[in-house]
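Residue-level listing of the chains:
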Amino acid sequence: MRPASVLAIIVLAGAALPASAAAQGQVDPPGGDDYFDPVTLSNFDDPQPLPTDSDFTADTTKYTVQADMFEPSSGGPPEPHKCGKTVYAKTIWTVFRADRDGQMTIDTAGDFDAVIGFLPFGDPRHDPAPNLDDGVCINDSSSHEEQLRVQVQAKHWYAVQVGGTGKPAGGPVRIQFHFAPAPPALRMALALVRRSTTAAGTRLSKVVVSRLTKGGKAVGPSPSGAIVKVLCKRGCPSKTFTLKGDAVRIGYLEGRLLRPGTKFLVRVTRSQPRARGPQWTLSVDRHGKLHVSRPTLVGG
């Protein structure tokens with residue numbers, strides 16, 4: 001059942017946040033207590049780029065856990081209140097829209113042992129239902145400080161839930177948000193030339209990781225200084241290489257018989273300057289044939 005109402009807006013200081021502003025202030029009870037009545041870091045009608053840092057304080061002493069997240073309408077799921085085996089209560093909600101890929105770091109500090117939950121959802125005006133199956137939570141610290149780091153995608157909305165476990169489960173709390181845009185991605189290719197494939201396995205005559213080219217021109221940022229790791233899960237040794245230019249040859253895999261059951265990763269990352277890179281999974285099936293996955297971006 002689609003809820004009859006949409007998420008309300010609680011914007012600190014009573015106005016939409018400008019693009020460069022950070023949410024700073026006190027949320028008065030019961031602001032943010034219900035999923036449909038959250039504190040917001042993004043204007044629903046005209047979401048601007050997320051500021052690097054936002055924070056607010058609240059007192060959740062009298063906050064609740066909803067039996068129906070669509071209240072004051074109906075038909076919604078119960079509000080999450082378990083993280084693993086930990087039960088928590090007195091929750092406060094925040095929502096935001098990521099305007100670009102990146103990492104959101106959420107920190108809490110207060111008078112109770114906090115639990116942080118994180119849920120994607122469709123759109124506050126038209127599709128506010130939470131995607132509970134894609135949610136994550138954390139309760140790693142037994143102190144009154146907790147931190148959750150999550151990857152976010154451009155043009156997606158997210159809800160953050162903070163509750164407490166133990167006694168007291170609620171009270172004064174400060175919630176801080178730090179958004180770091182995703183670093184650039186290295187545009188790389190994995191070139192393999194097969195020498196032979198038999199039931200005994202596959203032999204490669206050439207293995208090269210190199211910068212992609214298009215129309216004869218290199219694309220993406222220079223990969224110089226990137227680390228190329230061959231991480232063997234089964235059937236071969238692991239090794240690490242450093243890119244000193246646009247390409248590196250993985251010679252120790254060449255001529256080696258990669259037997260059925262062999263599995264390894266080829267991963268490209270760089271810390272200075274920071275960049276993400278591709279990772280491929282390679283495996284040899286029971287017939288000796290080598291399979292290479294599509295690359296996924298890692299690192300950063």
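Residues numbered from 1 in each chain as written. Predicted model: local features only at pLDDT ≥ 70, side-chain atom pairs only at ≥ 80, totals over all residues. Heavy atoms only, no water.

Engineer: Explain unusual backbone geometry residue by residue, including any values.
Structural biologist: With glycine set apart, most residues show a phi of negative sign, and most peptide bonds adopt trans. A cis amide bond links Pro29 with the next residue in sequence, Pro30, at an omega value of 0 degrees. A cis amide bond, omega -15 degrees, links Gln272 with the succeeding residue Pro273. Relative to the elements of secondary structure, Pro273 occurs in the loop between strand E22 (263–271) and strand E23 (274–275). Not every positive phi belongs to a glycine, and Lys90 is a case in point at roughly 50 degrees. (Helix = DSSP H or I, 4+ residues; strand = E, 2+ residues; numbered from the N terminus.)

Engineer: Lay out the pairing of strand E6 (residues 89–98) in plain terms, naming residues and giving numbers.
Structural biologist: By the criterion of burial, E6 is predominantly enclosed, with 8 of the 10 residues buried. Where strand E2 (residues 39–40) meets E6, 2 bridges bridge the pair, whose relative direction is parallel. From the neighbouring strand, Val39 faces E6, where its bridge partner is Thr94. In the sheet, E6 pairs with strand E12 (residues 156–165) via 8 bridges, with the strands oriented antiparallel. Residue pairing for E12: Arg97 is matched across the bridge by Trp157. (Buried < 20%, exposed > 50% of the residue type's maximum accessible area, 1.4 Å probe, protein only. Pairing = 2+ DSSP bridges.)

Engineer: Kindly report on the pattern of salt bridges, identifying the contributing residues and their values.
Structural biologist: Overall, the coordinates contain 5 salt bridges when judged by the stated rule. Arg174 is the partner of Asp55 in a salt bridge, and the nearest nitrogen-oxygen pair spans 3.5 Å. Residue Asp55 is located in strand E3 (residues 53–59), and its partner Arg174 is located in strand E13 (residues 172–181); the two are separated by 119 residues in the primary sequence. A residue is classified by how much of its surface remains accessible, and Asp55, at 13% relative accessible area, is buried. The exposure class assigned to Arg174 is partly exposed, which follows from its relative accessible area of 38%. Between Arg249 and Glu254 there is a salt bridge, and its shortest N-O distance comes to 2.8 Å. (Salt bridge = Lys/Arg side-chain N within 4 Å of Asp/Glu carboxyl O.)

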